[in-house]
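Read off the chains here:
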Amino acid sequence: MERFKKIWARTGTRMGFVALLVILFWLKTLVAYFVDFNLNLSDPFQFMILLLNPLATTLLLFGLALYFKRARFFYPFLFLIDILNTLLLYINVIYFREFTDFMTVSTMLGYSKVDQGLSGSSLALTSPHDVLYWLDLVVVLVLMATRRIYIDPRPVNKRVGLAVTSLSMLLFAGNLTLGEMDRPQLLTRTFDRTYVVKYLGLDAFTVYDGIKTQHTSEVRSHAKKSELDGILKFVHQNYAAPNKKLYGVAKGKNVIVIHLESFQQFLLNRKVNGQEVTPFLNKLYNSKSTYSFDNFFHEVGQGKTSDAETMLETGTFGLSQGSLFTQLGNDNTFQAAPAIFDQSGYTTAVFHGNVASFWNRSNTYKNLGYQYFFDASYYDTSGDKSLGYGLKDKLLFNDSVKYLQHLQQPFYVKYLTVTNHFPYTLDSEDSSFKTPNTGDKTVDNYFKTAHYLDQSVKEFYHYLKKSGLAKNSIIMLYGDHYGISNSSNKALAKVLGVNPDDWDDYDNAQLQRVPLMFNMPGYTHGKVEHQYGGEIDVLPTLLHLMGISSKKYLQFGTDLFSKEHNQVVAFRNRDWESPDYTSVDGTIYSNKTGEELHPTGKQKAAIEKMQKHVNEALSYSDSLNQKNLLRFYHPKGFTAVDPNDYNYADGLEKAEKIEDKLGLKSTSLFSRNGDKSTQKWYSTDAPELNHKETDSNRIKITNQDDTSGK
Ligand code: GP9
Ligand code: MN
């Protein structure tokens, strides 16, 4: 006891106080490391580095306070540093729970553009033990106020400050050496953030990442046209000629893209408690009018939905960090689907129940060449009509009709659904689906919102049929990415009928399958296709079905129907899938056995070739986008997009003006229906339309601030 008192008395000195805060911060970092982050420790050496790594940077930062002479600067500065550092730690904890990754500087900088939509789920991502991240600061302040910790008016000698700074730098050098010993080229292998945090800690990662971000913006301004050469060569070598049988089967038809939010393949043809989860989509999936895929994978990174959009619209990959939409969408040059369709005589539009600023869509869509963007401001999102990410899906489809019917045909339109999104909450009046009981609420409710999405699509299809649109359209449906993150897959295993104890990385990789369907009502040759492919392959596939050649464009995937289609699926972290092998973190699994494979000579060569292809595809795509090289590329017959031509305000008025101007030549559904609304053909059982209810606690998603996109 005496001894403790003696040590405690040291907190009344400046050095002792700094030491106290450093230790407390160290402890809470360890809480994050061991409770919240999943850092995949493989040996005791890594464990030791992990224990030590918060010390150097914390001491360096907190030690800076020692340079202040006056107590009234020393103490507030120290607290400020502590609070900022805690905040950095805490937002990473929250971020990790959803993305299983750390937050990059660019994500942080672009965050203001997406935080409105994220705020809904951020709350759901908190956990009771989060108190630990802030408790120490409160306790120390109370101890100071009650004079159990004394304020020391005596400044320390300047040399002491210098000594602490030098010591912490030395510690950091030691830390870096240990890290390099265990993982050579730690800082040059830029694609895995977990490594940097594991070996050097979160502060060091953030600084390192900030420097890289700065570097990228410089790289871009110095880029030269000749840097296209390697990319052109790669893309041309990789090009797969269309399948003659299918080229142009949907020529001239409307294209309706339905983005099934967070929808994984395992939901299809699945029953829970004896009830089909997605009966309507199952019918579509198995229909003769549909080409469906059962080995199709999402390939998104941190940009989630926006990465899926990037791949499907541009045929290039999302970025290795953050979202391409938020980072480059403001001013990058694209040769993307909306512009290609536009220049083939199509009207182009997006329907989405969230605010236009989310994922920086309002700006990016202009560079992609979208003519219309019917975002949340076009619908009544009040009261119980919307949830965290915007208008409920049944309402989105129903409320879109008043705009859709005025668009000139043929059109290329995209519906971005939102209700089947983490944390999968839904009002009880919207669904009576009986969820499984896995003990994980997220997993259980996922089935309920997926069921709701299925019903929403069914209602929309009913309208497509009644209005006659169906027979003139090709409807493409796809799941954008996983809905259940790897950390919840063990709970999910029970529903899938697998023993959770046998669950491993191989199983996680297999679960990244998502649906892809090309449905052509009236068509009779459809079937379930088994070739392997990913989101990067969708654009050339779709263009070829429409009878539009993809040859002159710089796209990184290949037509799924082509005999030359490359079946290696690249994931954003350089893992990959192929019909025979699964590569996770450098470990190869055999798809036949699901077991780890120790490749023989011949296999080795094949595997190396696949890895090389994945590395090249990703890095050429990154180079193209990061350096904005498409500004130097002018495919024949393609007119460059000028974002200033687009303005997403008053979409309806614009479409009606065009109808008026075209008169009898107008091809909109409304004109074709004798200038009468087609809304009467829409029927929905959405309860929100049948009663009035206001709930002021709901997240308000109507965006007052965003006038930039209008
Ligand atoms: C929000 C929606 C969700 O507008 O697209 O995006 P996600 O969180 O899936 O990336
Ligand atoms: Mn999404």
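Rules and cut-offs
- Residues numbered from 1 in each chain as written.
- Chains lettered and ligands numbered in written order.
- Predicted model: local features only at pLDDT ≥ 70, side-chain atom pairs only at ≥ 80, totals over all residues.
- Heavy atoms only, no water.
- UniProt positions renumbered as here; feature names shortened; annotations may be inferred.
- Helix = DSSP H or I, 4+ residues; strand = E, 2+ residues; numbered from the N terminus.
- Buried < 20%, exposed > 50% of the residue type's maximum accessible area, 1.4 Å probe, protein only.
- Contact = heavy atoms within 4.5 Å.
- Areas by Shrake-Rupley, 256 points an atom, 1.4 Å probe, with all protein chains shown as cover.
- Lys, Arg positive; Asp, Glu negative; His and termini not counted.
- Charge placed at Lys NZ, Arg CZ, Asp CG, Glu CD.
- Near = heavy atom within 4 Å.
- Polar contact = N/O pair within 3.5 Å; in protein donor to acceptor, adjacent residues only side chain to side chain.
- Nonpolar A, V, L, I, M, F, W, Y, C, P; charged D, E, K, R; others polar.
- Axes fitted to C-alpha atoms, helices over the stretch in contact; angles between N-to-C directions.
- Parallel < 35°, antiparallel > 145°, perpendicular 65-115°, else oblique.
- Left-handed = near helix turned anticlockwise from the far one by under 90°.
- pLDDT = per-residue confidence, 0-100.
- Pairing = 2+ DSSP bridges.
- Salt bridge = Lys/Arg side-chain N within 4 Å of Asp/Glu carboxyl O.
- Expected span 1.5 Å × (residues − 1).
- Patch = residues over 30% accessible without salt bridge, like charges linked within 9 Å, V, L, I, M, F, W, Y side chains within 5 Å.

With an unreviewed UniProt entry as reference, the protein is termed Alkaline phosphatase, source organism Levilactobacillus zymae. According to the UniProt record, the Pathway (unreviewed entry) comment for the protein reads "Cell wall biogenesis; lipoteichoic acid biosynthesis." What the UniProt record of the protein gives under Sequence similarities (unreviewed entry) is the line "Belongs to the LTA synthase family."

What follows deals with the overall build of the protein. Within the protein, the regular secondary structure consists of 24 helices and 18 strands. Taken over the C-alpha atoms alone, the protein extends approximately 90 × 70 × 55 Å along its principal axes. With 710 residues in all, the protein has 57% of them scored as buried. Once local pairs closer than 6 in sequence are excluded, the contacts in the protein between residues at least 24 apart make up 78%. Of the roughly 30600 Å² that the protein leaves accessible, carbon and sulfur atoms contribute 57%. Both charge centroids of the protein, one from 76 positive and one from 73 negative side chains, sit 3 Å from each other.

A word on the site of ligand 1. Contacts to ligand 1 come from Glu 261, Lys 304, Thr 305, His 352, Asn 354, Phe 358, Trp 359, Arg 361, Tyr 389, His 421 and His 481. Asn 354 is positioned with one of its side-chain polar atoms (N or O) 2.9 Å from an oxygen atom of ligand 1. Here an oxygen atom of ligand 1 and a side-chain polar atom of Trp 359 are 3.0 Å apart. In the complex, the protein chains occlude 98% of the 310 Å² of accessible area that ligand 1 would expose alone. Here the shell around ligand 1 is built from residues that sort into three nonpolar, five polar and three charged.

In a pair of packed helices, the angle between the axes and the distance between the axes together describe the arrangement. Relative to each other, helix 2 (residues 14–36) and helix 7 (residues 131–145) sit at 160°, their axes nearing to 9 Å. It follows that helix 2 is roughly antiparallel to helix 7 by the angle criterion. Helix 7 is crossed by helix 2, and the crossing has right-handed handedness. Where helix 2 abuts helix 7, its residues Phe 17, Leu 20, Leu 21, Leu 24, Lys 28, Val 31, Ala 32 and Asp 36 lie against Leu 132, Tyr 133, Asp 136, Leu 137, Val 140 and Met 144. Along the lines of polarity and charge, the residues of the contact of helix 2 with helix 7 split into 11 nonpolar, no polar and three charged.

Per-residue confidence for the protein gives a mean pLDDT of 91; residues scoring 70 or more make up 94%. Here residues 111–119 is modelled with pLDDT under 50, and outside its nearest four sequence neighbours on either side it reaches 20 contacts, counting other chains as well. Considering only residues more than four positions removed or in separate chains, one finds that residues 693–710, a stretch of pLDDT under 50, has 36 contacts.

A separate point is the sheet that holds strand 10 (residues 411–416). Strand order in the open sheet formed by eight strands is 7-6-10-1-11-12-4-13, and the pairing between neighbours is mixed. Only two strands of the sheet have a single partner each, and these edge strands are strand 7 (372–374) and strand 13 (528–529). Bridge count for strand 6 (residues 347–352) against strand 10 is six bridges, and the pairing is parallel. Across the sheet, the residue bridging to Val 350 is Lys 414, located in strand 10. Together, strand 1 (254–260), strand 10, strand 11 (473–479) and strand 12 (516–519) form the strand contacts of helix 21 (residues 538–545), whose direction differs from that of strand 12 by roughly 10°.

Turning our attention to the UniProt feature "domain: Sulfatase N-terminal" (unreviewed entry) in the protein. What UniProt calls "domain: Sulfatase N-terminal" (unreviewed entry) maps, in this numbering, to residues 253–548. Secondary structure over residues 253–548 splits into 33% helix and 17% strand, and the C-alpha atoms at its two ends are 12 Å apart.

Let's shift gears to the pattern of salt bridges. Side-chain pairs of opposite charge can arise where the charged atoms are in close proximity. Scanning all chains against the criterion turns up 17 salt bridges. Arg 220 is the salt-bridge partner of Asp 331, the closest N and O atoms lying 3.4 Å from each other. Of the two residues, Asp 331 sits in the loop between helix 14 (324–328) and helix 15 (337–342) while Arg 220 sits in helix 10 (residues 202–221), which places them 111 residues apart along the sequence. Residue classification places Asp 331 among the partly exposed residues on the basis of a relative accessible area of 46%. With a closest N to O distance of 2.7 Å, Asp 685 and Lys 394 form a salt bridge. One end of the pair, Asp 685, is in the segment after helix 24 (669–672); the other, Lys 394, is in helix 17 (residues 393–404), with 291 residues separating them in the sequence. When its relative accessible area of 47% is taken as the criterion, Asp 685 is described as partly exposed. On the accessibility criterion, Lys 394 (2% relative accessible area) is buried.

With that settled, the discussion passes to helix 22 (residues 601–626). Three or four residues apart is the spacing at which side chains of an α-helix point the same way, because the helix has 3.6 residues per turn. Compared with an ideal rise of 1.5 Å per residue, which puts 26 residues at 38 Å, helix 22 spans 37 Å between its outermost C-alpha atoms and is within 8% of the ideal. Listed in full, the buried residues belonging to helix 22 are Ile 607, Met 610, His 613, Val 614, Ala 617, Leu 618, Ser 621, Asp 622, Ser 623, Leu 624, Asn 625 and Gln 626. A positive backbone phi angle near 55° is found at Asn 628, which sits one or two residues after helix 22.

The subject of this paragraph is the UniProt feature "transmembrane region" (unreviewed entry) in the protein. According to UniProt, the "transmembrane region" (unreviewed entry) feature falls on residues 12–35, 47–68, 75–96, 131–150 and 162–179. The distance separating the terminal C-alpha atoms of residues 162–179 is 26 Å; by composition the span is 100% helix and 0% strand.

The antiparallel open sheet is built from four strands, whose spatial order is 15-16-17-18. If you trace the sheet from one side to the other, it starts and ends with strand 15 (569–570) and strand 18 (587–590), each paired once. Sheet analysis places strand 17 (residues 581–584) next to strand 18, joined by four bridges and oriented antiparallel. Bridging across to strand 18, Thr 582 finds its partner in Tyr 589.

We now examine the side chain of Thr 165. When you line up the elements, Thr 165 lands in helix 8 (residues 158–182). Judged by relative accessible area, Thr 165 falls into the buried class, the value being 14%. Within the structure, the side chain of Thr 165 is placed 2.7 Å from the side chain of Tyr 67, a separation counted as a polar contact. Discounting chain neighbours no more than four positions away, the residues touching Thr 165 are Leu 60 and Tyr 67.

A separate point is the side chain of Ser 562. Along the polypeptide, Ser 562 turns up in the loop between helix 21 and strand 15. Of the polar contacts made by the side chain of Ser 562, one reaches the backbone nitrogen of Glu 564; its length is 3.0 Å. The contact partners of Ser 562, leaving out residues within four places of it in the chain, are Ala 240, Ala 241 and Asn 243.

Let us now look at a nonpolar patch on the surface. A contiguous nonpolar patch, built from Phe 34, Val 35, Leu 41, Phe 47, Met 48, Leu 51 and Leu 52 and spanning about 570 Å² of accessible area, is present on the exposed surface. For the nonpolar patch, the secondary structure elements donating two or more residues are helix 2 and helix 3 (44–63). In terms of residue count, the dominant contributor to the nonpolar patch is helix 3 (four residues). Take Leu 51: it is sitting in helix 3. Residue Leu 51 is classed as partly exposed on the basis of its relative accessible area, which comes to 30%.

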